[in-house]
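Fold and contact review
Spelled out from the first residue to the last, the chains are:
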Amino acid sequence: MADAATETTQATETTVVESWTEWDPLAHVIVGRADDCHIPPAEPALDAKVPADSDMRGQWGRRPQESIDRANELLDRFADQLRARGIRVDRPTPIDFSEPVRTPDFETASQFGCMPPRDVLLTVGREILEATMSYRCRWFEYLCYRPLLQRYWEEDPNFRHEAAPKPRLTDADYRPDYLSESISIAQRLDWAAAKHFVTTEEEPLFDAADVLRFGRDLVVQHGFTTNLKGIEWLRRHFPEHRVHAVNFPGDPYPIHIDATFTPIRPGLILNNPQRRLPAECRGLFERNGWEIVDAAQPAHNTPPPLCYSSVWLSMNVLVLDPKTVCVEASEVYQAEQLDRLGMEVVPVELRDAYAFGGGLHCCTADVRRIGSCTDHFP
Ligand code: NVA
């Protein structure tokens, strides 16, 4: 790959927050919690995501306590594994997710949880940005991270705590076409190819987990949880970055990019073979000598019960540095592939926590990775 031109920022002794990529050496991270997590009641954006034959259709309420305890046991163990490697780990403060949410524009009878901080917090350089979010049940989730963000703000004079404009999330934000329970997969794929997603362009919407950080470049998935106005908002908010919109027509439920396109180190990305990046979006990577490799098949044929995500959480890995990657312990094919690609693989048991909001990448959010703002696509 081409030599990267580097633009440096000077970290100081008081630097707490700084992270520019998905792969620089991880020094400080937030790991989510499963406490009090709820399956939220029906709402337009969620209904569009839950397959017609899913065991989650029609049921909502607090998740069973044994499953919460088991997920927390795994998340606590993961946090300890990271700490044992010298990484500082912080945890969110759950709010009462059984509380209904009511704003002048909408109401919903309960909330979601704070297992996946990656969905809410986007760290770009010395800034942590709270995403708009696009589900009503997740509107107040940022509150779980406020105690940490307040602390970072006090510890680090260069930390910028930002919040994107809270969206109104009226019915005008959602296309009624997606509200039917009987949309075929073929229909969904046609709509995805035509970029006809459940969210409209009423107002900017984005979830942080639709964004991947490549130094000076941000790659953002246009899909159910992020609309074009959300991508334009990010472009205006980060004027020093190049923001690239991508979409993956093979995904009938396009939410969150991190089980679809996974950068591993400079020059190497795993791509979900069912959701290949279209030719017109590949130029940026190909011109700069990046290799886009089909990810290994998942080890499981189905997700665990009451899980929103697909079996492709196999590729939702957490890179610790350009030579080391955490892979879910049962995902043996993904682990073997990354080993063959020259990575040291750290197995982490997390499958029983998947239902709470995703895998190893989802359940974490970067606070600090040691590195600077590098141009990988000069
Ligand atoms: N779209 C994703 C969510 C991954 C975090 C999936 O494959 O389920």
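Everything that follows concerns the structure shown earlier in this document.
In this report, the structure presented in the accompanying data block is examined. (Residues numbered from 1 in each chain as written. Predicted model: local features only at pLDDT ≥ 70, side-chain atom pairs only at ≥ 80, totals over all residues. Heavy atoms only, no water.)

Turning our attention to the overall build of the protein chain. Assigned secondary structure in the protein chain consists of seven helices and 21 strands. Radius of gyration (C-alpha) of the protein chain: 19 Å, near the 21 Å computed for a compact globule of 378 residues. Taking the principal axes of its C-alpha atoms as reference, the protein chain extends roughly 50 × 45 × 40 Å. Residues counted as buried form 60% of the 378 residues belonging to the protein chain. In the protein chain, 75% of the contacts between residues at least 6 apart in sequence involve partners at least 24 apart. Carbon and sulfur atoms provide 49% of the accessible area of the protein chain, an area that totals close to 14,600 Å². Computed over 40 positive and 59 negative side-chain charges, the inter-centroid distance for the protein chain is 2 Å. (Helix = DSSP H or I, 4+ residues; strand = E, 2+ residues; numbered from the N terminus. Rg over C-alpha atoms; globule rule 2.2 N^0.38 Å. Buried < 20%, exposed > 50% of the residue type's maximum accessible area, 1.4 Å probe, protein only. Contact = heavy atoms within 4.5 Å. Areas by Shrake-Rupley, 256 points an atom, 1.4 Å probe, with all protein chains shown as cover. Lys, Arg positive; Asp, Glu negative; His and termini not counted. Charge placed at Lys NZ, Arg CZ, Asp CG, Glu CD.)

Let us look at the sheet that holds strand β18 (residues 324-328). Taken together, the three strands give an open sheet; going across it, the order is β17-β18-β19, and neighbouring strands pair in mixed fashion. Bordering the open sheet on either side are β17 (318-321) and β19 (344-348), each of which pairs with just one other strand. With strand direction ignored, the average angle separating the axes of adjacent strands in the sheet is 30°. Bridge count between β17 and β18: three bridges; the pairing is antiparallel. Looking across to β18, one finds that D321 is bridged to T324. Helix-sheet contacts for helix α2 (residues 65-84) involve β17, β18 and β19, and the interaxial angle to β19 is about 145°. The sheet contacts of helix α7 (residues 332-340) involve β18 and β19, and relative to β18 the element is tilted by about 165°. (Pairing = 2+ DSSP bridges. Axes fitted to C-alpha atoms, helices over the stretch in contact; angles between N-to-C directions.)

As for its placement among the helices and strands, N271 is situated in strand β15 (residues 268-271). Judged by relative accessible area, N271 falls into the buried class, the value being 0%. Distance in space between the C-alpha atoms of N271 and V293 is 5.9 Å, their sequence separation being 22 residues. Leaving out residues up to four positions away in the same chain, N271 has contacts with F248, T260, F261, R276, L277, R282, I292, V293, D294, A295 and M315. Polar side-chain contacts of N271 include one of 3.0 Å to the backbone oxygen of T260. (Polar contact = N/O pair within 3.5 Å; in protein donor to acceptor, adjacent residues only side chain to side chain.)

Okay, the pattern of salt bridges next. With the rule as written, the count across this model stands at 33 salt bridges. A salt bridge links E349 to R77; the nearest nitrogen and oxygen atoms lie 3.2 Å apart. Pair noted here: E349 is in the loop between β19 and β20 (364-369) and R77 is in helix α2, with a separation of 272 residues, a long-range link. Relative accessible area serves as the criterion here: at 38%, R77 is assigned to the partly exposed category. For R138, the salt bridge identified is with E141, shortest N-O distance 2.8 Å. For R138, a relative accessible area of 3% corresponds to the buried category. Among the charged side chains, a network of salt bridges with common partners joins E22, R118, R213, D366 and R369. (Salt bridge = Lys/Arg side-chain N within 4 Å of Asp/Glu carboxyl O.)

Counting buried residues in strand β2 (residues 26-31) gives five out of six residues, a clear majority hidden from the surface. In terms of strand pairing, β2 meets strand β5 (residues 88-90) through three bridges, oriented parallel. When the sheet's bridge partners are listed, V29 is paired in β5 with V89.

The topology assignment puts G223 in the loop between β12 (217-221) and α5 (228-237). We classify G223 as buried; its relative accessible area is 2%. Taking the C-alpha atoms as reference points, G223 and T14, separated by 209 residues in sequence, lie 38 Å from one another. Among all residues touching G223, those that are not within four sequence positions of it are F197, T199 and P254.

A few words on helix α4 (residues 185-193). Three or four residues apart is the spacing at which side chains of an α-helix point the same way, because the helix has 3.6 residues per turn. Among all positions in α4, only R188, W191 and A192 are buried. Looking straight down α4, one finds its buried side chains confined to an arc of 100°; they lie on one side. In the core, the buried residues of α4 are packed alongside α1 (44-49). Directly after α4, the chain includes K195, whose backbone phi takes a positive value near 55°. (Arc of directions from axis to C-beta.)

With that settled, the discussion passes to the site of the ligand. Residues in contact with the ligand, as listed here, are K49, Y253, I255, H256, D258, A259, R275, S309, S310, L313 and C362. Note that a nitrogen atom of the ligand is positioned 2.6 Å from one of the backbone N or O atoms of I255. For the ligand, an oxygen atom lies 3.0 Å from a polar atom in the side chain of R275. For the shell around the ligand, the class distribution of residues is five nonpolar, three polar and three charged. (Near = heavy atom within 4 Å. Nonpolar A, V, L, I, M, F, W, Y, C, P; charged D, E, K, R; others polar.)

Another point: α7. Listing the buried residues of α7 in full gives Q334, A335, Q337 and L338. All buried residues of α7 project into a common sector of 165° when viewed along the axis, lining one side. Among the exposed residues of α7, those oriented more than 90 degrees off its buried face are D339 and R340. Lining the buried residues of α7 we find β14 (261-265), β15, β16 (291-294), β18 and β19. After α7 finishes, the residue G342 shows a positive phi value of roughly 95°.

So yeah, pure geometry; function would need other evidence.
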